[in-house]
Amino acid sequence: MSTPETTINNLEKMAHNAYKGGLYLKATQLFHQAGELAKEQQDERQRISCLFWEGHCFYLADKKDDALPLLMEAAACRSPEANPADIYSAATDAIEISLDRNPTSFCRKIIEQTRGWLKSNHKEDWRHQLDLLAGDLEYQRGEFDTAYSYFVHAYDVWCQGKYGTRYTESTHLKWLCITAFLRRNVSNQQRWTEVLESCSKTYEIDKITAQLARLLLFRARRSEDSEFSAAADIAISMLDHLEMIDGTNEEYRVSALRVLILANRYLEVKRVKEQYLLEEEGFDGLLFLGDELLCRAREVLGMEVRDDEYDVKFPDPIPPFPDARTGLQYLEKAAAFYVQAMDEAEDEDERLETDYYTRTLKGRLLRARRMRDAVKKHR
């Protein structure tokens, strides 16, 4: 006859297996059942652990409104029976959610408050999570050099082996790869990509992260005459892999689509867009849709392929134009997406105390309008 303790342990084991496989919503149900049983048994350590993991899985499934109350309850626990790692991990998850919603000043304040919690609990060896979150905040502000410094420091602490809490090695390396890409430092990007590809990967999302890093490296190394079919194949493989994972995972999906666009694989792009109904709202979604149309315009105007997120040189189109009429239509639609994103960009700039978002859109609009004017001039 099984005991309540055995049942709890079995439920947690099944929940963690679901979590590792990316079945986050199934995991939330199992963690919830285990947590309710732990509550009945007045087992505060198990209850807080299940509360954190249930909230964490809701967060990964992109159900942040369901996640936040659970995480806040776990983070507020001060019972001596509770595992400090669960309390701290709940707090850092709540901070991650705050990074997408709250002003920079608020986010910095709660990061520092949590550093104080680490100090008072003699857990400063766990600070790698807070360093990564501080880097994430700077990343969102467009301060990629500062973000990279935080990520390097966070990974150095993780490598000391005293971390004691969440964030896999792949999580740290993902951010190092992304910021190296955005800083256009190909040597650092290659280094971190190789480390990421060789490190242990327990979870499905970590395997997808390695594919993402390789795609970013393909983009950084792309030249006008380079063969890009291998990159496109990896992008399709990553999109297929993402179907196994709960949640939107839109940042991964968009990165794969950008590679397919650079490879002129527009039929696959259309299929994925239709399948996942990529949002025509929100800064990132609208920016991507505008960038896709800029690339389509270049194609029909007889121009070379350009990566609007990475390249630094964008020559104007020169005649002859294979299809000037369609090119101008694409440019008009691209500009409309950028204009549509401007209100949210202004809100994000105000929230994050930066001008990164409006500056990015203004740069794209200038690019589209220069192309339009060059075509009209020679028609």
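The structure under discussion appears in the preceding block.
Residues numbered from 1 in each chain as written. Predicted model: local features only at pLDDT ≥ 70, side-chain atom pairs only at ≥ 80, totals over all residues. Heavy atoms only, no water.

A. Molecular detail of the pattern of salt bridges. Enumeration according to the criterion identifies 28 salt bridges in this entry. In this structure, Glu138 engages Arg141 in a salt bridge whose closest nitrogen and oxygen atoms are separated by 2.9 Å. A residue is classified by how much of its surface remains accessible, and Glu138, at 7% relative accessible area, is buried. Of the residues examined, Arg141 reaches a relative accessible area of 11% and is grouped as buried. In this structure, Arg265 engages Glu268 in a salt bridge whose closest nitrogen and oxygen atoms are separated by 3.1 Å. Salt bridges sharing common partners tie together Arg219, Arg258, Asp291, Asp307, Glu309 and Arg364. (Salt bridge = Lys/Arg side-chain N within 4 Å of Asp/Glu carboxyl O. Buried < 20%, exposed > 50% of the residue type's maximum accessible area, 1.4 Å probe, protein only.)

B. Structural context of the packing of helix α3 (residues 44-60) against helix α5 (residues 84-99). Here α3 crosses α5 at 25°, and the two axes come no closer than 9 Å. For the element pair α3 / α5, the angle class is roughly parallel. Between α3 and α5 lies a crossing of left-handed hand. Residues Ile48, Ser49, Phe52, Trp53, His56 and Tyr59 of α3 form the contact with α5, whose participating residues are Asp86, Ile87, Ser89, Ala90, Asp93, Glu96 and Ile97. For the contact of α3 with α5, a count of residues per class yields seven nonpolar, three polar and three charged. (Axes fitted to C-alpha atoms, helices over the stretch in contact; angles between N-to-C directions. Helix = DSSP H or I, 4+ residues; strand = E, 2+ residues; numbered from the N terminus. Parallel < 35°, antiparallel > 145°, perpendicular 65-115°, else oblique. Left-handed = near helix turned anticlockwise from the far one by under 90°. Contact = heavy atoms within 4.5 Å. Nonpolar A, V, L, I, M, F, W, Y, C, P; charged D, E, K, R; others polar.)

C. A look at the state of the cysteines. Considering all chains together, one arrives at zero disulfides under this definition. Between Cys57, a free cysteine, and Cys50, which holds the nearest cysteine sulfur, the sulfur-to-sulfur gap is 11 Å. With a relative accessible area of 0%, Cys57 lands in the buried category. (Disulfide = S-S within 2.5 Å.)

D. Representation of the packing of helix α9 (residues 169-182) against helix α10 (residues 186-198) in the model. Relative to each other, α9 and α10 sit at 160°, their axes nearing to 8 Å. As far as their axial angle goes, α10 and α9 are roughly antiparallel. As α9 runs across α10, the sense of the crossing is left-handed. When α9 is examined against α10, the residues Glu169, Ser170, Leu173, Lys174, Leu176, Cys177, Ala180 and Phe181 are found in contact with a partner set consisting of Asn188, Gln189, Trp192, Thr193, Val195 and Leu196. The class makeup of the residues in the contact of α9 with α10 is eight nonpolar, four polar and two charged.

E. Region of the structure containing the side chain of Asp136. Structurally, the position occupied by Asp136 is in helix α7 (residues 128-140). Of the side chains with opposite charge, Lys174 comes closest to the buried, unpaired Asp136, at an N-O distance of 7.8 Å. Among all residues touching Asp136, those that are not within four sequence positions of it are Leu99, Phe151 and Trp175. (Lys, Arg positive; Asp, Glu negative; His and termini not counted.)

F. Here's a closer look at helix α8 (residues 144-159). Taking 1.5 Å as the rise per residue, α8 with 16 residues should run 22 Å; its terminal C-alpha atoms sit 22 Å apart, in good agreement. Turning to α8, its buried residues are Phe144, Ala147, Tyr148, Phe151, Ala154, Tyr155, Val157 and Trp158. Contacts made by the buried residues of α8 are with α7, α9, α10 and α18 (356-378). Phi turns positive one or two residues past the end of α8, at Gly161, with a value near 80°. (Expected span 1.5 Å × (residues − 1).)

G. Looking closely at helix α1 (residues 4-20). The first and last C-alpha atoms of α1 sit 24 Å apart over 17 residues, in line with the 24 Å expected at 1.5 Å per residue. Turning to α1, its buried residues number three or more, namely Ile8, Leu11, Glu12, Ala15, Ala18 and Tyr19. Mapping the buried residues of α1 onto a view down its axis gives an arc of 120°, with all of them on the same face. Buried positions along α1 lie against α2 (24-40) and α3. With its phi angle positive at about 85°, Gly22 sits one or two positions after the end of α1. (Arc of directions from axis to C-beta.)

H. Molecular detail of the packing of aromatic side chains. Evaluated as defined, the whole model comprises 17 aromatic pairs. Between Phe31 and Trp53, the aromatic rings sit 5.9 Å apart at their centres with planes inclined by 20°, giving stacked as the arrangement. Taken as a pair, Phe31 in helix α2 and Trp53 in helix α3 lie far apart in primary sequence, 22 residues in all. Aromatic side chains Tyr356 and Tyr357 sit 5.1 Å apart centroid to centroid with 80° between the ring planes, which places their arrangement in the edge-to-face category. What makes Tyr357 buried here is its relative accessible area of 9%. Among the aromatic residues, those joined into a ring-pair cluster are Tyr139, Phe144, Phe151, Trp175, Phe283, Tyr356 and Tyr357. Across the ring face of Tyr310, the terminal group of Arg184 is positioned such that the distance to the ring centre comes to 5.3 Å. The ring of Trp192 has Arg191 sitting right over it, with the charged end atom 4.0 Å from the ring centre. (Phe/Tyr/Trp six-rings, centres within 6.5 Å; stacked < 30°, edge-to-face > 60°. Lys NZ or Arg CZ within 6 Å of the ring centre and 35° of its normal.)

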